[in-house]
Amino acid sequence: RLIMALIHLAGLVAMFILGNKCGGLFLGAFGAGLLTFNSSYLFSTTAILLDGSLTVAYMVLACLLINIRPSSGWSSHVAVGVWAALMILIKTSALVVAPWIVIYYISVLKNLPLRARLRSLMIPMVLILLSFGYYYSKNLILIDSPFPSLTALQGAYLIRPFWYYAALINHTSFVPIIPPF
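Residues numbered from 1 in each chain as written. Predicted model: local features only at pLDDT ≥ 70, side-chain atom pairs only at ≥ 80, totals over all residues. Heavy atoms only, no water.

(A) Main features of the overall build of the protein chain. A count of helices and strands for the protein chain gives eight helices and zero strands. Tracing the protein chain from N to C terminus, the helices and strands come up as α-α-α-α-α-α-α-α. Across the protein chain, the fraction of contacts at a sequence separation of at least 24, relative to all contacts at a separation of at least 6, is 61%. When the accessible surface of the protein chain is split by element, carbon and sulfur atoms take 74% of a total near 11600 Å². (Helix = DSSP H or I, 4+ residues; strand = E, 2+ residues; numbered from the N terminus. Contact = heavy atoms within 4.5 Å. Areas by Shrake-Rupley, 256 points an atom, 1.4 Å probe, with all protein chains shown as cover.)

(B) Region of the structure containing helix H6 (residues 97-108). Over its twelve residues, H6 extends 16 Å from the first C-alpha to the last, a length consistent with the 16 Å expected when each residue adds 1.5 Å. The set of residues buried in H6 consists of Val97, Ala98, Ile101, Tyr104 and Tyr105. Axial view of H6: buried residues confined to an arc of 130°, hence all on one face. Those residues of H6 hidden inside the fold are in contact with helix H4 (50-66), helix H5 (74-90) and helix H7 (114-143). (Expected span 1.5 Å × (residues − 1). Buried < 20%, exposed > 50% of the residue type's maximum accessible area, 1.4 Å probe, protein only. Arc of directions from axis to C-beta.)

(C) Quick look at the packing of H5 against H6. Running from N to C, H5 and H6 point in directions that differ by 160°, and their axes come no closer than 11 Å. It follows from the interaxial angle that H5 and H6 lie roughly antiparallel. When you trace H5 past H6, the crossing you get is right-handed. Only Val97, Ile101 and Tyr105 of H6 make contact with H5, whose side of the interface consists of His77, Val80, Ala84 and Met87. Partitioning the contact of H5 with H6 into residue classes produces six nonpolar, one polar and no charged. (Axes fitted to C-alpha atoms, helices over the stretch in contact; angles between N-to-C directions. Parallel < 35°, antiparallel > 145°, perpendicular 65-115°, else oblique. Left-handed = near helix turned anticlockwise from the far one by under 90°. Nonpolar A, V, L, I, M, F, W, Y, C, P; charged D, E, K, R; others polar.)

(D) The packing of H4 against H6, seen in detail. Interhelical geometry of H4 versus H6 gives an angle of 20° and a closest axis separation of 11 Å. Taken together, the axes of H4 and H6 lie roughly parallel to each other. In this structure, H4 crosses over H6, and the sense of that crossing is right-handed. Each of Tyr58, Leu61, Ala62, Leu65 and Ile66 in H4 lies in contact with H6, whose residues at this interface are Val97, Trp100, Ile101, Tyr104 and Tyr105.

(E) Inspection of the side chain of serine 53 at higher detail. Among the structural elements, serine 53 can be located in helix H4. Sequence-distant contacts of serine 53, that is, excluding residues within four places in its chain, are made with Met4 and Ile7.

(F) The nonpolar core, seen in detail. The biggest cluster of nonpolar side chains holds 31 residues, and the ones touching the most others in it are Leu65, Ile101 and Tyr105. Of all elements in the fold, only helix H1 (2-23), H4, H5, H6 and H7 reach the threshold of two or more residues within this core. The leading source of residues in this core is H4, at nine residues. Once residues within four sequence positions are removed from consideration, leucine 65 is found in contact with Val80, Trp100, Ile101, Tyr104 and Tyr105. (Core = buried A, V, L, I, M, F, W, Y, C linked by side-chain atoms within 4.5 Å.)

(G) Examining the packing of aromatic side chains more closely. Enumeration according to the criterion identifies four aromatic pairs in this entry. Ring geometry for tyrosine 58 versus tryptophan 100: centroids 6.3 Å apart, planes at 50°, classification tilted. Within this pair, whereas tyrosine 58 is found in helix H4, its partner tryptophan 100 is found in helix H6, the two being separated by 42 residues in sequence. Of the residues examined, tyrosine 58 reaches a relative accessible area of 25% and is grouped as partly exposed. The class for tryptophan 100 is partly exposed, based on a relative accessible area of 36%. One aromatic cluster in this structure is built from Phe132, Tyr135 and Tyr136. (Phe/Tyr/Trp six-rings, centres within 6.5 Å; stacked < 30°, edge-to-face > 60°.)

Below is the structure:
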């Protein structure tokens, strides 16, 4: 539980940093305050689930990306790549960060020539591909398949009527971030 509480606090700090960078101290405090009282965030980060950790990891990645400038050294690009690679090792669906990073690098580093942008982008992308290659090869060696089989989950969990799951929609991430007043 201590680790999950620390991950929850890291998410609040990341939200404060993002808000502070985007719109100032008030926006950072307001964003962190909204996140503090969001029931979906509280549920997912205090339960021992991967989704809460992945949510915080996305926020930290956004903090790392927001600090990328045309004058950034190679260490900031390595930090983005290592963090994205760790996210993929947490949960494979985090591979969606790769297009996000590509778009961010190409759009934010406009002052650099295209060749320099692509060179900067190669550092995180190589680390992401190495991470995914490790995951892929590990599964091939251990389970003789590149991805885990989900056939064991068929029909085992969705056994209640639709309205039961529809009533739980307020616990999903589709609900906007609104404090429960």
